[in-house]
Amino acid sequence: MFYANLGFILLIGQLVNGDIYMHNPRGSNNRLDEQGRERNNGNRVFDSQNNDRGGYNVGSLYYYAGSILPIEWTSQHSCGGPNNHCELIVQYMCDENLRDGATTTTIPDNPALCENYLCNTDLRYGMHEDFQYYMDCKMRLRNDNLFLADQQLKGNTARFTRQNPQGTRRGYECPEERDYYPYWHPSPWRDIAIMTNNVSRCSYYQEESENVKSRYYCYLPYTLKVQNQRNLRIPNNKEDCEAFVYPANDANGTRGVWTESPSHGIDPPMCQEAEFSRDNHLGNGPSGYPNLFNWTIPEDAIAEKCAVRIRYNISTAEFDGWDGSTNATLNEVQNNEGSLLDLSSKYGLSDLEEARDRGYVLENNPQTDIFDNDKLVLQLAINTAQFGRTFQDRSHAMAMRSPPDELVNSRVFNVNVRGKRGNIVQVYPAVEYDFVPNTLMASVGDYVHIQWTGSNTNPRNNDGQGLAGTDRSNMVLQADTVYDEDSGSVWEGRSKFGHWGRSYPEILDDSTLLGLTRPQREMLALVAPGQFRGEMSELDDAGTYFDLGPQKVTTAGVAHYMCTRNNNFSNRSQKGKLVVMDIPIVEAQIGSMGGEMELPQKKSHGESRGRGTSRPDVYANGKLAL
């Protein structure tokens, strides 16, 4: 059976060592609390395919169900444009044993090396997927109909894929599940959103998502699998599972049971056009800000230990990876022969034989004869293990909590801080400090949940203010306007507080922000509660974590605010803007598939919260606010 997947699609282009980084919530890139610019262990929890630099040290936040969390990232190889086919898959999982851990060592896959022989509960090690999940993966036969090009896999289980031919282990992640979507066996990951260049696939993605569609697996007793890990292979389809007996040919042996794993029982994922980002540019989108997806956290996500991941696949149209014909029948048969994929029609050549003679074959580093004279060839930088390539980043552990009663029927925006200490070169491919979202539009009566975290173990020689190696932030209103910034259309007819062009804060007694009381504004300025006095001129004696809690917005207008510590003019800017209307604001995404907008309706306690738009507009990308 054919499954559309991230791994079938071909990528032609220059290869790099890193590609996608999540900035909010804080993407780990497999970091824990390293003091160096490079992570210590790229195999700690998952396979990112990213550069050893990048990622943020551990720091946890909590979010309320029903609140809006901006998931923000940068990706290097473009998306949403004609130069690249792209899929972005955003997911989350929760588990009582999910954790960041206390060491950068990869969690063992031998229970004898774990405390009490239970790796799932050994708090020393970071863990997302659990031991049983990985054990099933490494023992389950792989999908042998997948296109491998000329890659020679070192094994025949789901550990081994075209991107991971050696079967390298990263935490308890299953390489086959990581590389292919939608995956055909049960997975703990729940789909949030899919962003694609081809929205005609959206119906397929939504119908096949494990959110709404069950999966099947071959059940075998846990003790049997543990005792026979080296020589037992779990079937991956119904026919082989029902014929399975262990030991083989033993009438009294253990038989496989083809078993249904229920769907997650939640709404299908959002699916929309991918926002544009350019090639070879790990930076902002067309708006001048990093691309993001605003996730309204569902009630089914309520748990104290959760993580978010984003996967990114890129390809070009050298062949159609979606019609089912690109499969194992085209894999290399003999070493150094190359794949059997016929590229002749793509390049005006007569047949497969001529294409192969002239180097138009999918193999490592082919030498192409574009002159048809055999005297001069051009070698391409191709590694077939990385063509149709998937990158990934994951957050540190976070909590999703049930909202207090006053928030149940209200709109709640999360405002966080992204970035880490250092100048733009020192932190790259992470970023310097900024507020997320940098500009927030809300209405009087909405709530804003201001919260941030950081680390005390950044590289000590990285640039920045205050105690070396430390992240600190605060929030104060900027001083009043001294010149016109632009046409003024954003705040025309509305009160304006602070001026983005200023580097000095407003006097606390003269300032207003969100309608907060003076004690609350003082908390934002001094990172309190949690800190009493001390040396606070550069916030050194404050902690890395701050939480003001959700606060109701009571004052309309446009407020400009800053961080006093990190706003170093000509070096770095940590400023934000809040636009508050005294009328309702609806934000929808309208793209080539069209869409509708409607004002939000009051919802009773316990009713599922949507994203503020009707269902027909789910295949969209251009943002429109009314």
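Fair warning: this is a prediction, and the values are worked out from it, not measured in the lab.

What counts, and at which threshold
- Residues numbered from 1 in each chain as written.
- Predicted model: local features only at pLDDT ≥ 70, side-chain atom pairs only at ≥ 80, totals over all residues.
- Heavy atoms only, no water.
- Phe/Tyr/Trp six-rings, centres within 6.5 Å; stacked < 30°, edge-to-face > 60°.
- Helix = DSSP H or I, 4+ residues; strand = E, 2+ residues; numbered from the N terminus.
- Buried < 20%, exposed > 50% of the residue type's maximum accessible area, 1.4 Å probe, protein only.
- pLDDT = per-residue confidence, 0-100.
- Contact = heavy atoms within 4.5 Å.
- Patch = residues over 30% accessible without salt bridge, like charges linked within 9 Å, V, L, I, M, F, W, Y side chains within 5 Å.
- Areas by Shrake-Rupley, 256 points an atom, 1.4 Å probe, with all protein chains shown as cover.
- Salt bridge = Lys/Arg side-chain N within 4 Å of Asp/Glu carboxyl O.
- Pairing = 2+ DSSP bridges.

Draft legend 1. Structural detail: the packing of aromatic side chains. On inspection of all chains with the given rule, the structure shows 13 aromatic pairs. Ring geometry for Tyr312 and Phe391: centres 6.3 Å apart, planes at 35°, overall tilted. Of this pair, Tyr312 sits in strand β14 (residues 303–315) while Phe391 sits in strand β17 (residues 389–394); the two residues are 79 residues apart in sequence, bridging distant segments of the chain. Summarising the burial analysis for this pair, Tyr312 and Phe391 share the class buried.

Draft legend 2. Representation of the confidence of the model for the protein chain. Within the protein chain, residue pLDDT values average 87, and 90% of them lie at 70 or more. This model gives residues 1–18 a pLDDT under 50, and the stretch forms 79 contacts once residues within four places in sequence are excluded. Every residue in residues 603–626 is under pLDDT 50, and counting partners more than four places away or in other chains gives 87 contacts.

Draft legend 3. Quick look at a nonpolar patch on the surface. Taken together, the side chains of Ile370, Phe371, Leu376 and Leu378 present a nonpolar region at the surface, about 360 Å² in accessible area. Position of Leu376 relative to the elements: it lies in the loop between β15 (367–368) and β16 (378–379). Residue classification places Leu376 among the partly exposed residues on the basis of a relative accessible area of 44%.

Draft legend 4. Structural view of the pattern of salt bridges. The tally for this structure, following the rule as stated, stands at 25 salt bridges. The closest approach of N and O atoms between Asp122 and Arg124, which form a salt bridge, is 2.6 Å. The class for Asp122 is buried, based on a relative accessible area of 0%. Among the ionic pairs, Arg358 bridges to Glu354, the shortest N-O distance being 3.8 Å. Accessibility expressed as a relative area gives 13% for Arg358, which makes it buried. Since its relative accessible area comes to 25%, Glu354 is described here as partly exposed. Residues joined by salt bridges that share partners form a network here, namely Asp47, Arg170, Arg178 and Asp179.

Draft legend 5. Looking closely at the pairing of strand β22 (residues 447–452). Burial of β22 is extensive: six of the six residues sit out of reach of the surface. Both faces of β22 are covered, namely the face carrying Tyr447, His449 and Gln451 and the face carrying Val448, Ile450 and Trp452. With four bridges connecting them, strand β19 (residues 412–418) and β22 associate as parallel partners. Bridge pairing in β22 links Val415 to Ile450.

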